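Residue strings, one per chain:
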Amino acid sequence: MTDRSDLEARLDGPDRIAPPDEFVQQANVTDPNIYHEFEQNWPEVWERAADLLDWDSEWDDVLVAEDAPFYEWFVGGELNASYNCVDRHVENGRKNQAALKWEGKLSETRTYTYQDLYREVNEFAAALRELGVEEGDIVTLYMPVVPELPIAMLACARIGAPHSVVFAGLSGKALGTRIERSASEFLVTCDGYYRRGNAFNLKSKADDALLKVDHDVTSVVVDRLGDALPHVVDGDSRDYHDLLAEHAGAVVEPVARDAEDLLFLMYTSGTTGEPKGVEHATGGYLAQVAWTAQSVLDLTPEDTYWCSADIGWITGHSYIVYGPLALGTTTMLYEGSPDYPDRDRIWEIVERNAVDVFYTAPTAIRAFMKWGAEYPERHDLSSLRLLGTVGEPINPRAWKWYYEHVGGGECPIVDTWWQTETGGMMVTTLPGVDDMKPGSAGPPLPGIDTEVVDAAGAPVEDDAAGYLSITRPWPGMVRTLHGDDERFIEEYWTHPDEAPTSDQSDGGWRYDAGDGAMIDEDGYVTVLGRIDDVLSVDGHRLGTMEVESSIVDVEGVAEAAVVVGAGAGGSDVFAYVSTESGRTGDQDLREQIVGNVERDVGEFAAPARIVFTTELPKTRSGKIMRRLLESIARGEPLGDTSALRNPEIVGELKEAARED
Ligand code: 6R9
C-alpha cells in the first residue's frame, strides 16, 4: 500500500494523476506513440486488432465505406467467434486453465476450464442443431448470470446462429416483444434464480412472453434452482442437461462466418418506447473488444478478471464474455448482488479469487462509498492491478474513493465511455500511457475520433458543452437496427452535407452518440450524460417512455415523469405522478403503479419512490422539465426555473418529495 501522505498529496494535487510506475512497467501498452501510429496509418492500423484473432480466411479490405453509413470491416475475411474464444486456447496448451469462474447467489461456486467450456459449448451446439437451429437463425437467451448463458452464446456463435440475449430482469412482456420483433423461433431460459436469497420464477415470465408470440417457439430450460422451485419442462420445452447428456462428447465444427455476418442482436432503449435491435457483426466487433480488453483492461491470459455487470447488457457481452475469452483470460461470473449476504461480498470474492482487474459501474461505487470503507478494509485487495468503470459519468469524489479504498492508490482507473451501439470502448485513458483526470473519461482511443458540436453541427470551443459525436467509423460499430435501416440512419447519423467539418474520405458521416460532453485543451472528454430521454438505472439503460407509458396505463393516473435519484445502488427510479381529478395518490395506487411497471418493463425499473402531485412542471412549450425533477429527487439546487409555465408547482413538489 502506498504511503498515506503521499497518496493524499497525489489526490489533492492538480486533478491529474499519473499511472503508478509499477503498473506501467508491466502494462500491455506503454508507448505514447500509439496515438500517432493509428493516426498515420488509419484505417489499416486496425489490422492490429484483427490480428489478435484467428481467421479462417484473410480479409481483402480493412474498411469499405461505399455504402456509408453502412460501413463494412475486414471485408472478405472469415472467422468463428466460438473458435476464437474457446478452441484455440485448448489447442495452445491452456486447456486446464480456468475460463469461467462462477459465484452463485447462495455462495455456490463452479469453475470451467477451457477444456470444460469446449466440451459443453460443443455439446450444446450439437443440441441446438438437433432442435433445428440453422445458420442465421436468431436464438433468444433469457437467463440470469449463470455459466449456461455464456455457454449458450458461444454455442450459438459456433453454428452461426446470432443470439439475442434479453436481460432476465426484464418482464415477460418485454421478452415477448423482442422474440416477436426478431422472429426468433428458439428460446433458452431457466427455471428461475435467487433474488436476495429467495427463489424467483423466471420460467413463468418466459411462458407469459410466449403466450403473446404469434409463431411457434422451441424452448430449452436450464435447471438452476434444483429443489427450490419445481423445474417445469412442458410442451415444446426441452431440459438443458438432458440435451447435454444426449449429445455427450459431440464435436461440432465451428462454422466459418463472414466478418460482416451478424454475431448478435441486442435490444436497447431509445427515446421512444420501441426497443432498438442493435446488430453487431462478427469480425469487427470481436476485433475491437479483444483489442480494448488487451490495451485498456490490460488483460493477459494469466489474469483473473471480474466485470460485475449483467451479461444481459452490452458490457457483459463485450467484457465478461467475448473480449476476455478471446484473450484466453479467466473471467468471473457473479450472479448475486453487492450486499448479499453482507456489504463486503464483492471484496470477499476479490480476495478469495485473487482478482487482478475489476470493472464496475459508478452507481455501485457510490453505494460502496455510502456503506463505508470498513467493508473493503476487511479484505486483502492487493491482488488488484487495475480498476475500471462504465455506464455513466463518475463524479470525482467517487473516483477518488475507488482509487484510494479499493485500489490502495496503486491501481490506475479506466473510466471507459462507450455504448451498446459502439460495441466496445471508445473514450478512455490507456492505463499504461495516459495520466488520469478524475471525472473525465480521457481522450478517444487510438483510431477513434470524437468531436463535440453544437446543435448546428459545428464544433464548439474547448471546455464548452455540446453534443458528443464520432467522426470516423470504427470496427465494433453497430451495423444497423434489426429490420430498420431507415431508423438506423435517422437515429444516429448526420449526412456529410450537413456535417460541416467531416472528412469526406471515409464517407464523411458523423455518428451522434446522444450524450452531452466537453473536451478540454488536452483532448480529454468529460461526458455529461444523455441529452435524450434515456436513463441509466443501476447501470442499465432505460427509456423514460417505457416506464412512463406503463404508469399512465394505471387508472386514475393523468401524467407521469420518471428520473433517476442520487443513485446509491439498486433501483433508484423516482416517479412523479399527477392523478386525475377526484383520485388521490394513496397506497393502493402506489402498488398498482409498481405492479404495472414490473409487468411491462421489469422489476429493475419499478419506482423506488413515487411522488404524487397535482401537476408536473412544464416549459412554455409544454415539455416536462425533467432536469428540475431530477434535481428535486437528488436534493440538489434547482437552478433556473424561469422557463416554467407553472413555477408555483416547484414548492409543492419539493414538499412532497421530502415527505415521501
Ligand atoms: C456500455 C454502456 C450507453 C450510455 C452512454 C452514456 C453512458 C457509458 C460512460 C457513460 C459517462 C462513461 N455512459 N459509459 N457516461 N462516462 N464512462 O453503458 O452501454 O447501456 O448502451 O449505455 O451510458 O450516456 O450513452 P449502454
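Residues numbered from 1 in each chain as written. Predicted model: local features only at pLDDT ≥ 70, side-chain atom pairs only at ≥ 80, totals over all residues. Heavy atoms only, no water.

### Some thoughts on the pairing of strand E10 (residues 198–201)
Each regular strand shows side chains that alternate between the opposite faces of the sheet. The following threshold applies: Strand pairing is assigned whenever DSSP detects at least two bridges linking the two strands. A run of H or I in DSSP counts as a helix once it spans at least four residues, and a run of E counts as a strand once it spans at least two, with each numbered from the N terminus.
Pairing of strand E9 (residues 192–195) with E10, which is carried by four bridges, proceeds in the antiparallel orientation. Pairing of Arg195 across the sheet is with Asn198, part of E10. Remark: two residues form the turn of the hairpin made by E9 and E10, two consecutive strands paired antiparallel; Arg196 in that turn has positive phi of roughly 45°.

### Focus on helix H16 (residues 396–406)
Going by this rule: Relative accessibility thresholds used throughout: buried, under 20% of the residue-type maximum; exposed, over 50%; partly exposed, between the two (1.4 Å probe, protein chains only).
If you check which residues of H16 are buried, you get Ala398, Trp399, Trp401, Tyr402, Tyr403, Glu404 and Val406. With its phi angle positive at about 60°, Gly408 sits one or two positions after the end of H16.

### Here's the deal with the environment of Arg366
Take Arg366: it is sitting in helix H14 (residues 362–371). By relative accessible area, Arg366 is classed as buried at 18%. The sequence separation of Arg366 and Trp399 amounts to 33 residues, and the corresponding C-alpha distance is 9.1 Å.

### Overview of the sheet that holds strand E15 (residues 276–281)
Inclusion rule: Helix axes are fitted only over the stretch in contact, all axes being lines through C-alpha atoms; the angle between N-to-C directions runs from 0 to 180 degrees. Contact between two residues is taken to exist if any of their heavy atoms lie within 4.5 Å; hydrogens are not considered.
As summarised here, the arrangement of the seven strands in space is E12-E11-E8-E6-E7-E14-E15, forming an open sheet in which the pairing is mixed. The strands lining the two open edges of the sheet, one partner per strand, are strand E12 (237–239) and E15. Between one strand axis and the next, the sheet turns through 25° on average, direction left out of account. Relative to strand E11 (residues 218–222), strand E8 (residues 186–190) runs parallel, the two sharing five bridges. Looking across to E11, one finds that Cys190 is bridged to Val222. Packed on one face of the sheet, helix H8 (residues 172–181) meets strand E6 (139–142), E8 and strand E14 (262–268) and runs near 165° to E6. Lying over the sheet, helix H12 (residues 314–326) contacts strand E7 (163–165), E14 and E15, oriented at roughly 145° with respect to E14.

### A closer look at the side chain of Glu603
Here is the rule we go by: In the analysis that follows, any N or O atom pair within 3.5 Å is treated as a polar contact, provided that within protein one partner can donate a hydrogen and the other can accept it, and provided that, for residues neighboring in sequence, both atoms belong to side chains.
Relative to the helices and strands, Glu603 resides in the loop between helix H19 (587–600) and strand E30 (609–613). Reaching out from Glu603, the side chain makes a polar contact with the side chain of Tyr193 at a distance of 3.1 Å. Setting aside chain neighbours within four positions, we find Glu603 in contact with Gly169, Tyr193, Arg195, Phe200, Lys205 and Glu598.

### What about the site of the ligand?
We count it as follows: Throughout, near means a residue has at least one heavy atom within 4 Å of the molecule or strand. Areas reported here follow the Shrake-Rupley algorithm with a probe of radius 1.4 Å; residue values treat only the protein chains shown as occluding. Three categories are distinguished: nonpolar for Ala, Val, Leu, Ile, Met, Phe, Trp, Tyr, Cys and Pro, charged for Asp, Glu, Lys and Arg, and polar for the others, with Gly belonging to the last.
Neighbouring residues of the ligand: 16 residues in total, closest Asp415, Thr420, Asp515, Arg530 and Arg541. With respect to the ligand, the side chain of Thr420 contributes an N or O atom lying 2.5 Å from an oxygen atom. Note that an oxygen atom of the ligand is positioned 2.6 Å from one of the side-chain N or O atoms of Asp515. In isolation the ligand has 540 Å² of accessible area, and contact with the protein removes 95% of it. Elements with a contribution of two residues or more to the shell around the ligand: H12 and strand E25 (525–530). Of the residues belonging to the shell around the ligand, the class tally is six nonpolar, five polar and five charged.

### Let's talk about a negative patch on the surface
The condition that has to hold: Exposure above 30% relative accessible area and the lack of any salt bridge qualify a residue for a patch; like charges then connect within 9 Å, and the nonpolar side chains Val, Leu, Ile, Met, Phe, Trp and Tyr within 5 Å. A pair is scored as a salt bridge if a Lys or Arg side-chain nitrogen falls within 4 Å of a carboxyl oxygen belonging to Asp or Glu. In this charge count, Lys and Arg are treated as positive and Asp and Glu as negative; neither His nor the chain ends contribute. Working definition for charges: the position is that of NZ of Lys, CZ of Arg, CG of Asp or CD of Glu.
Taken together, the side chains of Asp51, Glu58, Asp60, Asp61, Glu66, Asp67, Glu72, Asp258, Asp484, Asp485, Glu486 and Glu490 define an acidic patch exposed on the protein surface. Checked against the element boundaries, Glu486 lands in helix H17 (residues 485–492). Exposure remark for Glu486: the relative accessible area of 63% places this residue in the exposed category.

### Description of the pattern of salt bridges
Taken as a whole and assessed by the stated rule, the structure comprises 38 salt bridges. We note a salt bridge from Glu260 to Arg479, for which the minimum N-O separation is 2.9 Å. Separated by 219 residues along the polypeptide, Glu260 in the loop between strand E13 (257–258) and E14 and Arg479 in the loop between strand E22 (466–470) and H17 bring together distant segments of the chain. Residue Glu260 shares its accessibility class with Arg479, and that shared class is buried. Residues joined by salt bridges that share partners form a network here, namely Arg16, Asp435, Lys437, Asp520 and Asp522.

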